[in-house]
Amino acid sequence: MASNDSFITNDHADLTVPIVTEIDLDINSENILNIIAYIFPRQEDTCAECRIEFEEVIDKLINYYETSEDRDNLNQIYSIAHELTRQAERLRAVASKIEESEDSYFPPLDEEEEEINGNSYELEEK
């Protein structure tokens, strides 16, 4: 193979690695929010796990904007804060909806049980 036929040029190589990633949020036992990236080679069951504390991400973001001399992107930090607030409201709404549905949930009766609070109950066959 001639030197100019190589896929390595200028001391670097082009490499394609097929991976599948999944991103998750998790609260650990110390109540610390983590961002977790699961990296699967191809579509295998085993994966590499990368964790970073959410607060660390925010700290680095704050440090970047506090030390940056470019004030033209100041709107970016407001936009990020707005989006985090919007997503927090979405999560609270879903949690509230789930909580309300659990409060109004009555488990199905056992087949032997015929009455609830004096009301007769007949099982429907499906």
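See the structure above.
First things first, this report covers the structure right here in the doc. (Residues numbered from 1 in each chain as written. Predicted model: local features only at pLDDT ≥ 70, side-chain atom pairs only at ≥ 80, totals over all residues. Heavy atoms only, no water.)

1. Observations concerning unusual backbone geometry
- The phi dihedral of asparagine 31 falls on the positive side, at around 60 degrees, and the residue is not glycine.
- Residue classification places asparagine 31 among the exposed positions, given a relative accessible area of 64%. (Buried < 20%, exposed > 50% of the residue type's maximum accessible area, 1.4 Å probe, protein only.)

2. Some remarks on the pairing of strand β4 (residues 33-41)
- When strand β3 (residues 19-27) meets β4, the two strands line up antiparallel, connected through nine bridges. Note on β4: the bridge partner recorded for glutamate 22 is tyrosine 38.
- Hairpin connection from β3 to β4: five residues lie between these consecutive antiparallel strands, with asparagine 31 at a positive phi of about 60 degrees.
- Relative to strand β5 (residues 48-53), β4 is paired through six bridges, and the arrangement is antiparallel. (Pairing = 2+ DSSP bridges. Helix = DSSP H or I, 4+ residues; strand = E, 2+ residues; numbered from the N terminus.)

3. What about the sheet that holds β3?
- Across the sheet, which stays open at both edges, the three strands sit in the order β3-β4-β5 with antiparallel pairing between neighbours. Looking at the sheet topology across the chains shown, the edges are occupied by β3 and β5. In this sheet, adjacent strand axes meet at a mean angle of 20 degrees when their direction is disregarded.
- Of the strands in this sheet, β4 and β5 are in contact with helix α1 (residues 54-67), which crosses β5 at around 60 degrees. (Axes fitted to C-alpha atoms, helices over the stretch in contact; angles between N-to-C directions. Contact = heavy atoms within 4.5 Å.)

4. Section: a nonpolar patch on the surface
- Taken together, the side chains of Leu15, Val17 and Ile19 make up a nonpolar region of the molecular surface, amounting to roughly 330 Å² of accessible area.
- Looking at the secondary structure, you find leucine 15 in the loop between β2 (12-13) and β3. (Patch = residues over 30% accessible without salt bridge, like charges linked within 9 Å, V, L, I, M, F, W, Y side chains within 5 Å. Areas by Shrake-Rupley, 256 points an atom, 1.4 Å probe, with all protein chains shown as cover. Salt bridge = Lys/Arg side-chain N within 4 Å of Asp/Glu carboxyl O.)

5. Considering the packing of aromatic side chains
- In this structure the tally under the stated criterion is one aromatic pair.
- An angle of 80 degrees between the planes, with centres 5.0 Å apart, marks the rings of tyrosine 64 and tyrosine 65 as edge-to-face. (Phe/Tyr/Trp six-rings, centres within 6.5 Å; stacked < 30°, edge-to-face > 60°.)

6. Regarding the pattern of salt bridges
- Inspection of every chain in the model, using the stated rule, returns four salt bridges.
- Across the salt bridge formed by glutamate 56 and lysine 60, the nearest N and O atoms sit 3.4 Å from each other. Here glutamate 56 and its partner lysine 60 are both found in helix α1, four residues apart, which amounts to about one turn of the helix.
- Through salt bridges with shared partners, a single network forms among Asp26, Glu49 and Arg51.

7. Some details on a negative patch on the surface
- Taken together, the side chains of Glu30, Glu53, Glu55 and Asp59 present a region of like negative charge at the surface.
- The residue glutamate 30 is located in the loop between β3 and β4 in this model.
- Taking relative accessible area as the criterion, glutamate 30 reaches 58% and is therefore assigned exposed. (Lys, Arg positive; Asp, Glu negative; His and termini not counted. Charge placed at Lys NZ, Arg CZ, Asp CG, Glu CD.)

8. Things to note about the environment of isoleucine 80
- Position of isoleucine 80 among the secondary structure elements: in helix α2 (residues 74-103).
- Between the alpha carbons of isoleucine 80 and leucine 61 there is a distance of 9.9 Å; along the sequence they are 19 residues apart.
- Beyond its immediate sequence surroundings of up to four residues, isoleucine 80 is in contact with Leu61 and Tyr65.

9. Points about the environment of isoleucine 36
- With respect to the helices, strands and loops of the structure, isoleucine 36 is situated in strand β4.
- Between the C-alpha atom of isoleucine 36 and that of isoleucine 23, which follows or precedes it by 13 residues, the distance is 5.7 Å.
- Those residues within four positions of isoleucine 36 in sequence are excluded, and the remaining contacts are Glu22, Ile23, Asp24, Asp26, Glu49, Cys50 and Arg51.

Purely geometric stuff here, so don't read any function into it on its own.
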